[in-house]
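Descriptive structure summary
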Amino acid sequence: MIIVKTPQELAKMRVSCRMVAEILHELSTLVVPGVTTWDLDRLAEESCLKRNAVPAFKGYGGFPCSICASPNNTVVHGFATKEPLSAGDIVSIDFGVLYDGFYGDSAVTLPVGAVDDDKKRLMDVTKASLVAGIKVVAPGVCLSDVSSAVQVVAEAAGFSVVREFVGHGIGRSLHEDPQIPNYGKAGFGPKLKAGMVLAIEPMVNAGTHHVQVLGDGWTAVTRDGRSSAHFEHSVAVTEDGAEILTRL
Ligand code: MG
Ligand code: MG
């Protein structure tokens, strides 16, 4: 069942989602060659605690970190590590909080120093696919119209969308109905209604869409070893379109 939020609940979601946006912005300013995702994870957690918010991912299903840090060929759900990032890497940082009963969830992929044009284009296209998905969000629109819009942009650029992981509804739970694939034919699935909140999160691979989960049970990497990018916003369906809740 897709939960429609009341205006009061949406007001609370704006607060938790804004915290996610602020903290992700803080982290993004620190992504330079030599920084470790472990350092970013510590900062994310401290920033949360300062705001009396709870990091949403730590302990979720046993996940050990406050951020998901997924460099280069890691698609999603990477652990924070003490290995320094290098110039030319890209790294996806996925982050969520729980505050006053509601979750916010967002992700960005960032360049570490100067990166090559292929990686730059992968990040740009993945972000553009998220923007395209958000652009179709409005009451009465079919859920798969969002999925299709994301897929069209990613594949038109010669990239592939990951199938194994999907976006999701969000609210009092981190993952609510509906599941939101990043691929599919338009015109199917439930119709969106004002008050629904969707975490739309394309994961786009430079090569094959196939992924593989490592022995830690979490870290998903591309099967061909090529790069992957990931962007996510928590988005409310409004009377006439969409409101991006995790944007500053
Ligand atoms: Mg996320
Ligand atoms: Mg998510």
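Residues numbered from 1 in each chain as written. Chains lettered and ligands numbered in written order. Predicted model: local features only at pLDDT ≥ 70, side-chain atom pairs only at ≥ 80, totals over all residues. Heavy atoms only, no water.

Attention now moves to the sheet that holds strand 10 (residues 203-205). Taking strand neighbours across the sheet as the criterion, the three strands line up as 6-10-13 in an open arrangement whose pairing is antiparallel. Unpaired on one side and paired on the other, strand 6 (160-161) and strand 13 (228-230) mark the two borders of the sheet. Direction of pairing for strand 6 relative to strand 10: antiparallel, over a ladder of two bridges. Each residue of the ladder has a partner; that of Val 161, found in strand 10, is Val 204. (Pairing = 2+ DSSP bridges. Helix = DSSP H or I, 4+ residues; strand = E, 2+ residues; numbered from the N terminus.)

Take the coordination of the magnesium ion (ligand 1) next. The protein atoms that coordinate the magnesium ion (ligand 1) are Asp 94 (OD), Asp 94 (OD), Asp 105 (OD) and Glu 232 (OE), at distances of 2.0 to 2.6 Å. Motif for the magnesium ion (ligand 1), donor spacing along one chain: D-x10-D-x126-E. Taken as an interatomic distance, the gap from the magnesium ion (ligand 1) to the magnesium ion (ligand 2) is 3.1 Å; Asp 105 donates to each of them. Here Asp 105, found in strand 5 (residues 102-111), pairs with Glu 232, found in the loop between strand 13 and strand 14 (233-238); they are 127 residues apart in sequence, far enough to count as distant. Note on accessibility: Asp 105 and Glu 232 belong to one class, buried. (Donors = N, O, S within 2.8 Å, 3.2 Å for Na, K, Ca; no water. Buried < 20%, exposed > 50% of the residue type's maximum accessible area, 1.4 Å probe, protein only.)

As a further point, take the environment of Asn 52. Along the chain, Asn 52 turns up in the loop between helix 2 (37-50) and strand 1 (54-55). In this structure the C-alpha to C-alpha distance between Asn 52 and Tyr 99, which are 47 residues apart in sequence, comes to 7.4 Å.

Right, let's get into helix 1 (residues 7-28). The end-to-end C-alpha separation of helix 1 is 31 Å, in line with the 32 Å expected for 22 residues at 1.5 Å each. Summarising the contacts, the buried residues of helix 1 are in contact with helix 2, strand 2 (67-71), strand 4 (90-99), strand 5, strand 9 (197-200) and strand 14. (Expected span 1.5 Å × (residues − 1). Contact = heavy atoms within 4.5 Å.)

This part covers the sheet that holds strand 11 (residues 211-213). In spatial order, the strands read 3-12-11; together these three strands make up an open sheet with antiparallel pairing. Taken across any chain shown, the strands that pair with only one partner, and hence form the sheet edges, are strand 3 (74-76) and strand 11. Adjacent strand axes in the sheet meet at a mean angle of 40 degrees, parallel and antiparallel pairs treated alike. Taken together, the two bridges between strand 3 and strand 12 (residues 220-222) define a ladder with antiparallel strand orientation. By the bridge assignment, Thr 74 is partnered in strand 12 with Val 221. (Axes fitted to C-alpha atoms, helices over the stretch in contact; angles between N-to-C directions.)

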